Amino acid sequence: MPATIRDVAREAGVHVSTVSRAFSAPGMVGPDTRRRVLAVSARLGYRPNPAARALITGRTHNIGLIVADIANPFFAPLIRSAQRQARARGYHIFVGDTDEDPDTEQELVRALAKQVDGVVLCSPRLPNRDIVALCEETPLVVVNRLVRGVPSVLMDVATGARTAIDHLADLGHREIALLSGPHASWTSRQIRRAASRTAERRGARLTVLGPNPPTEDGGRRQAGPVVEAGASAVLAYNDLMALGLIEGLDELGVDVPGRVSVVGFDDIALSRLTRPKLTTIANPVTAAGHAAVDLLLQQPDTGAGASLMLPTDLVVRRSTSAGPHTSTGTGGRR
């Protein structure tokens, strides 16, 4: 028969409430007493009932983590990082997948809110007003979305887009296509705005193709339009689209990077394994997962609308090379 809280209290020579506080509010128990209680609990094999503990403390020690598409490899390191950080803080993660559907997103937040102490919402597709309304129902942190009054962890995709267009312009590309992401994506809007301004500054023409589903098939379907637009270089919303585009161009007999250079976004593992290896903007997804958990658990101390911006980096590989307007005559990069 499993040990009970009364068994622990009797063996440790303390009141039942002291055993409860040793687990739920350790700061209210003297260090020696808590050590004695934990030692007796370990010896007897006692584990506190999570449901009863939640009733006492008002906290479940669970966190919801909702992503736009769990099949997208962009989210895997973010989920893993968030889970590790949650465990280190004494919490567990419940993961939900919206499949890019805003209605499902809203339903999941409300369903999880009954079982968790807060929700991390990654790349949400909901309108801002709906996210603000949900934030009034349960503590929220959004990743890759800036919503007034809602804590957020952002990746500096605007700087990433500027860096990518500068890289292509430096290689001599003046006809550049941008494969945009989903219509409701904040990230896609940031990339488009920064890429457009940078292309104008560099004297390049930017052709926007999309919106598109953020998948390999979404990129593959744009191979024909890229060729028709006369683009010698492409910046894609994410690596999956970039890899799909390269496959589609190959089917049309268009060499990458000989005829068209391609840059992705995210630096997923596949970008290092394909041929040619993909030039991309590395997003700090691991750091974002860690930071999102911390930001959620720090509420309300951080204040409404607290945000953290994480830097992005250009990783140059072999999918980009000299364009028609270069004077160097150099070939592909490392």
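Please refer to the structure placed before this passage.
Values in this document were obtained by computation on a predicted structure and should not be read as measured data.

1. What to know about the sheet that holds strand 7 (residues 205–209)
Then comes step 1: With mixed pairing, 6 strands are arranged side by side in an open sheet as 7-6-8-9-10-12. Every other strand in the sheet has two partners, leaving strand 7 and strand 12 (313–315) as the edge strands with one partner each. Taken pair by pair, the neighbouring strands of this sheet meet at an average axis angle of 20°, ignoring direction.
Then comes step 2: In this structure, strand 8 (residues 233–236) lies alongside strand 9 (residues 261–266), joined through 3 bridges in parallel fashion.

2. Structural notes on the packing of helix 5 (residues 75–88) against helix 13 (residues 285–297)
Then comes step 1: Two elements in contact, helix 5 and helix 13, have axes whose closest approach is 7 Å; the angle formed by their N-to-C orientations is 40°. What the angle tells us is that helix 5 and helix 13 run oblique. As for the relative orientation of helix 5 and helix 13, their crossing is right-handed in sense. Residues P77, L78, S81, A82, Q85 and A86 of helix 5 form the contact with helix 13, whose own contacting residues are V285, T286, A288, G289, H290, V293 and D294.
Then comes step 2: When the residues that make up the contact of helix 5 with helix 13 are grouped by side-chain class, the tally is 7 nonpolar, 5 polar and 1 charged.

3. Focus: empty space enclosed by the protein
Then comes step 1: Inspection of every chain in the model, using the stated rule, returns 1 cavity of 30 Å³ or more.
Then comes step 2: What the largest cavity holds in volume is close to 150 Å³.
Then comes step 3: Together, 16 residues line the largest cavity, and F74, S123, Y237, N238 and D266 are the ones closest to its centre.
Then comes step 4: Elements with a contribution of two residues or more to the lining of the largest cavity: helix 9 (186–201) and strand 9.

Procedures and definitions
- Residues numbered from 1 in each chain as written.
- Predicted model: local features only at pLDDT ≥ 70, side-chain atom pairs only at ≥ 80, totals over all residues.
- Heavy atoms only, no water.
- Pairing = 2+ DSSP bridges.
- Helix = DSSP H or I, 4+ residues; strand = E, 2+ residues; numbered from the N terminus.
- Axes fitted to C-alpha atoms, helices over the stretch in contact; angles between N-to-C directions.
- Parallel < 35°, antiparallel > 145°, perpendicular 65-115°, else oblique.
- Left-handed = near helix turned anticlockwise from the far one by under 90°.
- Contact = heavy atoms within 4.5 Å.
- Nonpolar A, V, L, I, M, F, W, Y, C, P; charged D, E, K, R; others polar.
- 1 Å grid on protein atoms, 1.4 Å probe; cavity = no way out; pocket = protein on both sides within 12 Å on 5 of 7 lines; lining within 4 Å.
- Points joined across faces, edges and corners; volume = space filled by probe spheres on them.

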